[in-house]
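# Chain and residue survey
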Amino acid sequence: MKIESFKIKGSMTMTKISPNGDVETRRKDNLILNVGFDFIANALCATTNRPSVMGYTALGTGTTAVDAAQTALVTELARKPATYAHTAGTKVFTLSTTFQAGEATGAITEAGICNASSDGIFLDRLTFAVMNKGADDIITTTFQFTLS
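The paragraphs below set out a description of the structure included in this document. If you're wondering where the values come from, they're calculated on a predicted model, not measured in any experiment.

## A short note on the sheet that holds strand 10 (residues 138-147)
- In spatial order, the strands read 2-1-10-7-6; together these five strands make up an open sheet with antiparallel pairing. The open sheet has two edge strands with one neighbour each: strand 2 (23-29) and strand 6 (83-86). Shown here is a sheet whose adjacent strand axes are inclined to one another by a mean of 15 degrees, direction ignored.
- Of the pairings in the sheet, the one linking strand 1 (residues 8-17) to strand 2 comprises seven bridges and is antiparallel in character. Its bridge partner being in strand 2, Ser 11 is matched across the sheet by Asp 29.

Have a look at this one:
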């Protein structure tokens, strides 16, 4: 008898482009939160009150260590819609967002994917070494999730 299991692994790549063309990149694995696992179960099987899709990227300045019991970013700075991409037949999907000049300006140290333009359910959260986004910088985040 073959035993099947289901796993989800996530990571984020963040790239900042400064007006002078300098590029700074961060890549880090994220943690799927307990409420994120609840979201997955409800999205797959709930017959009523199904949650809205995960479609937003949030950036913040919180530095509290990541814990599975968290339900949001610690200090959210900005949130924008994300673009979903998946190729049929693969086990990978991505959510990408670009924060233009004038958006999410600050010392960014945390990020996550959520399902609403405010509040909502967070799938994941991660913290990382500070990426200072000036008012004229552009940041693009790509969250990649791999199912196995």
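Additional details are given in the paragraphs that follow.
## Things to note about unusual backbone geometry
- In this model, Asn 49 sits at a positive phi of 55 degrees, which is unusual for a non-glycine residue.
- The residue Asn 49 is located in the loop between helix 1 (34-45) and strand 4 (56-60) in this model.
- Phi at Asp 119 takes a positive value of approximately 55 degrees, unusual for a residue other than glycine.
- Secondary-structure assignment places Asp 119 in the loop between strand 8 (106-114) and strand 9 (124-133).

## A few points about the sheet that holds strand 5 (residues 76-81)
- Across the sheet, which stays open at both edges, the five strands sit in the order 3-9-8-4-5 with antiparallel pairing between neighbours. With one partner strand each, in any of the chains shown, strand 3 (31-32) and strand 5 form the two edges of the open sheet.
- Taken together, the five bridges between strand 4 and strand 5 define a ladder with antiparallel strand orientation. Its bridge partner being in strand 5, Thr 57 is matched across the sheet by Lys 80.

So, how was this worked out
- Residues numbered from 1 in each chain as written.
- Predicted model: local features only at pLDDT ≥ 70, side-chain atom pairs only at ≥ 80, totals over all residues.
- Heavy atoms only, no water.
- Pairing = 2+ DSSP bridges.
- Helix = DSSP H or I, 4+ residues; strand = E, 2+ residues; numbered from the N terminus.
- Axes fitted to C-alpha atoms, helices over the stretch in contact; angles between N-to-C directions.

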